[in-house]
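Listed below are the residues making up each chain.
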Amino acid sequence: LLGDRKSNPTTFPNALKYGINWSIEESSNYPDLLDAGVEELVAGLESGAFTSVDLTKAYILRIEEVNSVLHAVTEINPDALSIAAGLDAERGNGTIRSALHGLPMLIKNNIATKDGMNNTAGSHSLLGATVPRDATVAGKLRDAGAVLLGKSNLSQWANFRSVNSSNGWSAHGGQVTGAYYPDMDPSGSSSGSGVASSVGLAVASLGTETAGSILCPASVNNLVGIKPTVGLTSRSLVIPISSHQDTVGPSKCIFSVWDYPALLLASSFTSPADFPFDSPPDYTRSLNFSSLRGARIGIPRNGLKPENISQPVLDAFEAAIQVIKNAGAIIVDNANFSGWEELLADEANAPSSEDIVLGADFVSDLSSYLGQLTSNPNQITSLAGAASFTHSSKLESYPTRDTAIWDEALSLGYNSSDYRFWKAFERTSYFGGEGGVTGALAAFHLDALILPTDSAPNLPAYAGLPVVTVPMGYYPSNSSVLRTPNWELVEVGPNIPFGLSFMGAKWSEETLIGFAYAYEQRTHTRSKVRPYIVPNVQLQDVI
């Protein structure tokens, strides 16, 4: 796809600018950036084997090498190298902010930063708009010493505009595709974050989730992903869908003793009154090979949606149950959701309770975000204004990609202050809580529930509950290729991965991380299948 980078360094426009010698010997002891974790990168920085500037240059070149195919990154931070140099200087004088000091990260293009990057949710309507400060999660990462390397592409408006669009497409960033099969559906809406992490375009990526937008991209891109309890991570100055369901969390290649604890500690703890702790848990304590021993793990069989379960996924799920049982867990089968049939009946309504909650919240919450902008070139102040821009701009691919979700939200005629919203919210809270995850946890005295990730997101989303997904399997090499009906992206095909989700009660991230870690350490599924396209640039090419 890309030719011989040694004989044609101009394939990468920054290569000559950085003074890179492509004839440098390939073999080295530097970590492989495809799967490099926080721990080994910190070791290299501390030993002086490489600098944060080296690491940032390498990741920029890796992005340039594959982004014309994958479209995972919308923008690279123009200040990334100067930020890295400043953090190198701090390290040189003995100042280390956290385990993330000097490590480049990508953040989703709906998380605001007060710098040279845009925050557009993938729409040209917000191009050039500015914010008064960083989003709280971005500011926390910056304070922790992370290099905000760039903005990852996403499904436009976090998959909350069209019913006939495609996962990973945005007008501003183009079509993200997954790296495990040509033209692969990357899932969404944190599509670019998932794909970027899957091929090592940054140490880790930050995504957002309303119902599946971290978990599903992590699943199909062979990653560990964490959807935190709603409220654990701040949503301030994140372009919203629903303040009742939105959350921010990381996706990464593998577990290490440092990665997820460092990422969660850096981006969490917003001090709401209902936190059950005074300071963030020490998530490193949860990374225990024996975490599953004695744990009661439930299988809610009625939550296995037939449309999401193919035979390879079901076979891998049954094998995963056996792995968990062999690790010492007590398996409670048929730990079913008591409100499942009521949920299915509700979903048949138009609009459903979920439609009302998300639509009315979006009307209110988007206006709140837009009202905080310090400049707004297109004067977008409401959902109606965003719709008007989209309908009139050729750049937004309307009506080829419709605005049906917005049309329905606007047709409600009310926002989240209306009593009809609260009636719907009571229903969805019941479906996710007493009639769903928390009800099953209590009724069967469970520590967690598990499902294939494609069947897992909705109920925890309704109740604001945490979920951790980990690689579980992948489609066999002889699998038939199945494409999406509208845009011909490959959603089933040889070697395309899928994940296993651990679901729990509010604030149970520490427990869920432990269970997922114990499972992952016994299976190492990620290492069994590799992307069809990966960047070749490594640290030795820069150094």
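Since we're looking at a predicted model, the values are computed, not measured.

J.: Quick question: what am I supposed to make of the overall build of the chain here?
T.: When helices and strands are tallied, the chain shows 19 helices and 15 strands. Here the C-alpha atoms of the chain give a radius of gyration of 22 Å, agreeing with the 24 Å that 2.2 N^0.38 yields for 543 residues. Dimensions along the principal axes, computed over C-alpha positions, put the chain at roughly 65 × 60 × 50 Å. Per-residue burial for the chain yields a buried fraction of 62% across its 543 residues. Counting contacts in the chain only where the partners sit at least 6 residues apart, residues at least 24 apart contribute 78% of the total. With 34 positive and 53 negative side-chain charges, the chain shows a spacing of 2 Å between the two charge centroids.

J.: Before we go on, may I ask you to explain helix α4 (residues 80–92) in this structure?
T.: An α-helix turns once every 3.6 residues. As a result, residues three or four positions apart point the same way. Between the first and last C-alpha of α4 there are 18 Å, a value that for 13 residues agrees with the 18 Å anticipated at 1.5 Å per step. Of all the positions in α4, only Ala 80, Ala 84, Leu 87, Asp 88, Glu 90 and Arg 91 are classed as buried. For α4, the angular spread of the buried residues around the axis is 160°, confining them to a single face. More than 90 degrees from the buried face of α4, the exposed residues found are Ser 82 and Gly 92.

J.: Just checking my understanding: could you explain helix α15 (residues 419–432) for this structure?
T.: Compared with an ideal rise of 1.5 Å per residue, which puts 14 residues at 20 Å, α15 spans 20 Å between its outermost C-alpha atoms and is within 8% of the ideal. Inspection of α15 places Phe 421, Ala 424, Phe 425, Thr 428, Phe 431 and Gly 432 among the buried residues, and these make up the whole buried set. The arc enclosing the buried residues of α15, seen along the axis, measures out at 120°, which places them on a common side. α15 presents Tyr 419, Lys 423 and Glu 426 as exposed residues on the side facing more than 90 degrees away from its buried surface. Tucked into the core, α15 has its buried residues touching α11 (340–347), α12 (353–370), α16 (437–443) and α17 (458–463). Where α15 begins, the side chain of Asp 418 points an oxygen toward the backbone nitrogen of Arg 420, at a separation of 2.8 Å.

J.: Looking at this structure, how should I read the packing of helix α3 (residues 52–70) against α4?
T.: In a pair of packed helices, the angle between the axes and the distance between the axes together describe the arrangement. Where α3 contacts α4, the two axes come as close as 8 Å, and the packing angle between them is 155°. The pairing of α3 with α4 is recorded here as roughly antiparallel in orientation. Remark: the crossing between α3 and α4 carries right-handed chirality. In contact with Ser 52, Val 53, Thr 56, Lys 57 and Ile 60 of α3, α4 contributes Ala 80, Leu 81, Ala 84, Ala 85 and Asp 88.

J.: In this structure, what is going on with the environment of Gly 499? I would like to understand it.
T.: In this structure, Gly 499 sits in strand β15 (residues 497–503). Between the alpha carbons of Gly 499 and Ser 455 there is a distance of 10 Å; along the sequence they are 44 residues apart. Residues in contact with Gly 499, not counting those within four places in the same chain, are Ser 219, Pro 452, Thr 453, Thr 469, Val 470, Pro 471 and Met 472.

J.: What is the right way to look at empty space enclosed by the protein in this model?
T.: Over the atoms a probe the size of a water molecule is rolled, and this reveals where empty space is left. Considering all chains together, one arrives at four cavities of 30 Å³ or more under this definition. Its volume calculated, the largest cavity comes out at about 90 Å³. Along the walls of the largest cavity sit 16 residues, with Asn 110, Thr 208, Glu 209, Thr 210 and Asp 246 positioned nearest its centre. Among the elements of the structure, β6 (204–209) and β8 (247–252) are those that each provide at least two residues to the lining of the largest cavity. Residue classes in the lining of the largest cavity are distributed as six nonpolar, six polar and four charged. Each pocket or cavity is described by its volume, and for the second largest cavity that value is around 50 Å³. In terms of lining, the second largest cavity is formed by Lys 305, Phe 337, Trp 340, Leu 343, Glu 347, Leu 451, Ser 455, Ala 456, Asn 458, Leu 459, Pro 460 and Met 503. For the lining of the second largest cavity, the class distribution of residues is eight nonpolar, two polar and two charged.

J.: Honestly, the pattern of salt bridges in this entry has me stumped. Any pointers?
T.: As a working rule, side chains carrying opposite charge can pair if their charged atoms are close by. Summed over the entire model, instances satisfying the criterion amount to eleven salt bridges. Arg 301 serves as the salt-bridge partner of Asp 333, at 2.8 Å between the closest nitrogen and oxygen. Pair noted here: Asp 333 is in strand β10 (residues 330–333) and Arg 301 is in the loop between β9 (296–299) and α10 (311–326), with a separation of 32 residues, a long-range link. Residue classification places Arg 301 among the partly exposed residues on the basis of a relative accessible area of 23%. Here Glu 342 ties to Arg 427 by a salt bridge, and the two come within 4.0 Å at their closest N and O atoms. Pair noted here: Glu 342 is in helix α11 and Arg 427 is in helix α15, with a separation of 85 residues, a long-range link. Each member of the salt-bridge network shares a partner with another, and the members are Asp 35, Arg 526 and Arg 530.

J.: Honestly, the nonpolar core in this entry has me stumped. Any pointers?
T.: Leu 41, Leu 103, Ile 111, Trp 157 and Leu 201 are the most contacted members of the largest nonpolar core, which totals 86 residues. Here the element with the most residues in this core is α3; it accounts for nine residues. Beyond its immediate sequence surroundings of up to four residues, Ile 111 is in contact with Asn 119, Ala 135, Val 137, Ala 138, Lys 151, Leu 206, Thr 208, Leu 237, Val 238 and Val 248.

J.: Just to check I follow, could you spell out the confidence of the model for the chain for this structure?
T.: In low-pLDDT regions, the fine details of the predicted coordinates are not to be read closely. Of all residues in the chain, 91% attain a pLDDT of 70 or more, and the chain-wide mean is 92. Across residues 1–12, confidence stays below pLDDT 50; counting only partners more than four residues off in sequence or on other chains, it has 21 contacts. Per-residue pLDDT stays below 50 along residues 20–27; that stretch engages in 20 contacts with residues further than four places along the chain or on separate chains.

J.: Explanation requested: the packing of aromatic side chains in the structure shown.
T.: The geometry of two aromatic rings is summed up by the distance between their centres and the angle between their planes. Summed over the entire model, instances satisfying the criterion amount to eleven aromatic pairs. Measuring from ring centre to ring centre gives 6.4 Å for Tyr 30 and Phe 50, while their planes differ by 65°; the resulting arrangement is edge-to-face. One end of the pair, Tyr 30, is in the loop between α1 (13–17) and α2 (38–47); the other, Phe 50, is in the loop between α2 and α3, with 20 residues separating them in the sequence. For Tyr 30, a relative accessible area of 26% corresponds to the partly exposed category. Note on Phe 50: relative accessible area 3%, which makes it buried. Taken together through their ring pairs, the aromatic side chains of Trp 157, Phe 160, Phe 362 and Trp 406 make up a single cluster. Residue placement shows Arg 401 over the ring face of Trp 487; its charged tip is 3.7 Å from the ring centre. In this structure, Arg 522 packs its charged tip against the face of Phe 289, placed 3.7 Å from the ring centre.

Criteria and thresholds
- Residues numbered from 1 in each chain as written.
- Predicted model: local features only at pLDDT ≥ 70, side-chain atom pairs only at ≥ 80, totals over all residues.
- Heavy atoms only, no water.
- Helix = DSSP H or I, 4+ residues; strand = E, 2+ residues; numbered from the N terminus.
- Rg over C-alpha atoms; globule rule 2.2 N^0.38 Å.
- Buried < 20%, exposed > 50% of the residue type's maximum accessible area, 1.4 Å probe, protein only.
- Contact = heavy atoms within 4.5 Å.
- Lys, Arg positive; Asp, Glu negative; His and termini not counted.
- Charge placed at Lys NZ, Arg CZ, Asp CG, Glu CD.
- Expected span 1.5 Å × (residues − 1).
- Arc of directions from axis to C-beta.
- Polar contact = N/O pair within 3.5 Å; in protein donor to acceptor, adjacent residues only side chain to side chain.
- Axes fitted to C-alpha atoms, helices over the stretch in contact; angles between N-to-C directions.
- Parallel < 35°, antiparallel > 145°, perpendicular 65-115°, else oblique.
- Left-handed = near helix turned anticlockwise from the far one by under 90°.
- 1 Å grid on protein atoms, 1.4 Å probe; cavity = no way out; pocket = protein on both sides within 12 Å on 5 of 7 lines; lining within 4 Å.
- Points joined across faces, edges and corners; volume = space filled by probe spheres on them.
- Nonpolar A, V, L, I, M, F, W, Y, C, P; charged D, E, K, R; others polar.
- Salt bridge = Lys/Arg side-chain N within 4 Å of Asp/Glu carboxyl O.
- Core = buried A, V, L, I, M, F, W, Y, C linked by side-chain atoms within 4.5 Å.
- pLDDT = per-residue confidence, 0-100.
- Phe/Tyr/Trp six-rings, centres within 6.5 Å; stacked < 30°, edge-to-face > 60°.
- Lys NZ or Arg CZ within 6 Å of the ring centre and 35° of its normal.

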